[in-house]
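Reading the structure
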Amino acid sequence: MFSAQARAVELIEKDPTPFVHYFIRETGGLLKPEEFQTWRLLHAAPQPYTHERWEDTYNWTVKWNMTVPGATYQNTVDNRAWQ
């Protein structure tokens, strides 16, 4: 699965226009193809969820009072797929 996702990222980076209709469909009719701005696409190949990234996200959720009580990197993140 990770290989397929990484390949999709490569294809989208080369030329996203063949895939615009998929993105448009996800908007439920809110956008027309000519309104879609491909430069706004954010994508990256799959990678393990690092402790640093978790800390950044956790601190952001604390700031916005969205924290789940007792959440830690150890009891929240499962990177077994990368082993």
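First, a word on scope: everything that follows refers to the structure included in this document. (Residues numbered from 1 in each chain as written. Predicted model: local features only at pLDDT ≥ 70, side-chain atom pairs only at ≥ 80, totals over all residues. Heavy atoms only, no water.)

**Examining the overall build of the protein chain**
Tallying secondary structure elements over the protein chain gives four helices and zero strands in all. In the protein chain, the order of α-helices and β-strands from amino to carboxyl end is α-α-α-α. Computed over C-alpha atoms, the radius of gyration of the protein chain comes to 17 Å, more than 25% over the 12 Å expected from 2.2 N^0.38 for 83 residues, which places it beyond the range of a compact globule. Taken over the C-alpha atoms alone, the protein chain extends approximately 45 × 35 × 20 Å along its principal axes. Summarising the internal contacts of the protein chain: among those between residues at least 6 apart in sequence, 42% fall at separations of at least 24. (Helix = DSSP H or I, 4+ residues; strand = E, 2+ residues; numbered from the N terminus. Rg over C-alpha atoms; globule rule 2.2 N^0.38 Å. Contact = heavy atoms within 4.5 Å.)

**Considerations on the pattern of salt bridges**
On inspection of all chains with the given rule, the structure shows two salt bridges. With a closest N to O distance of 3.4 Å, arginine 7 and glutamate 10 form a salt bridge. One end of the pair is arginine 7 and the other is glutamate 10, both in helix H1 (residues 2-14) and three residues apart, which spans about a single turn. Between aspartate 78 and arginine 80 there is a salt bridge whose closest N-O contact spans 2.5 Å. (Salt bridge = Lys/Arg side-chain N within 4 Å of Asp/Glu carboxyl O.)

**Notes on a nonpolar patch on the surface**
Residues Trp60, Trp64 and Met66 make up a contiguous nonpolar surface patch of about 380 Å² in total accessible area. Given the relative accessible area of 46%, tryptophan 60 is considered partly exposed. (Patch = residues over 30% accessible without salt bridge, like charges linked within 9 Å, V, L, I, M, F, W, Y side chains within 5 Å. Areas by Shrake-Rupley, 256 points an atom, 1.4 Å probe, with all protein chains shown as cover. Buried < 20%, exposed > 50% of the residue type's maximum accessible area, 1.4 Å probe, protein only.)

**Quick word on the nonpolar core**
Ranked by size, the top nonpolar core spans five residues in total: Ile12, Val20, Ile24, Phe36 and Leu41. Residues within four places of isoleucine 24 in sequence aside, it is in contact with Gly29, Leu31, Lys32, Pro33 and Phe36. (Core = buried A, V, L, I, M, F, W, Y, C linked by side-chain atoms within 4.5 Å.)

**Quick notes on the packing of aromatic side chains**
Applying the stated rule across the entire model yields five aromatic pairs. An angle of 10° between the planes, with centres 5.5 Å apart, marks the rings of phenylalanine 23 and phenylalanine 36 as stacked. Of the two residues, phenylalanine 23 is situated in helix H2 (residues 20-26) and phenylalanine 36 in the loop between H2 and helix H3 (51-63); the sequence distance between them amounts to 13 residues. Its relative accessible area of 26% is what places phenylalanine 23 among the partly exposed residues. Between tryptophan 54 and tyrosine 73 the ring centres are 6.4 Å apart and the planes differ by 80°, which places this aromatic pair in the edge-to-face class. Residue tryptophan 54 is found in helix H3, and its partner tyrosine 73 is found in helix H4 (residues 73-76); the two are separated by 19 residues along the sequence. Across the pair, tyrosine 73 and tryptophan 54 agree in class, each one buried. (Phe/Tyr/Trp six-rings, centres within 6.5 Å; stacked < 30°, edge-to-face > 60°.)

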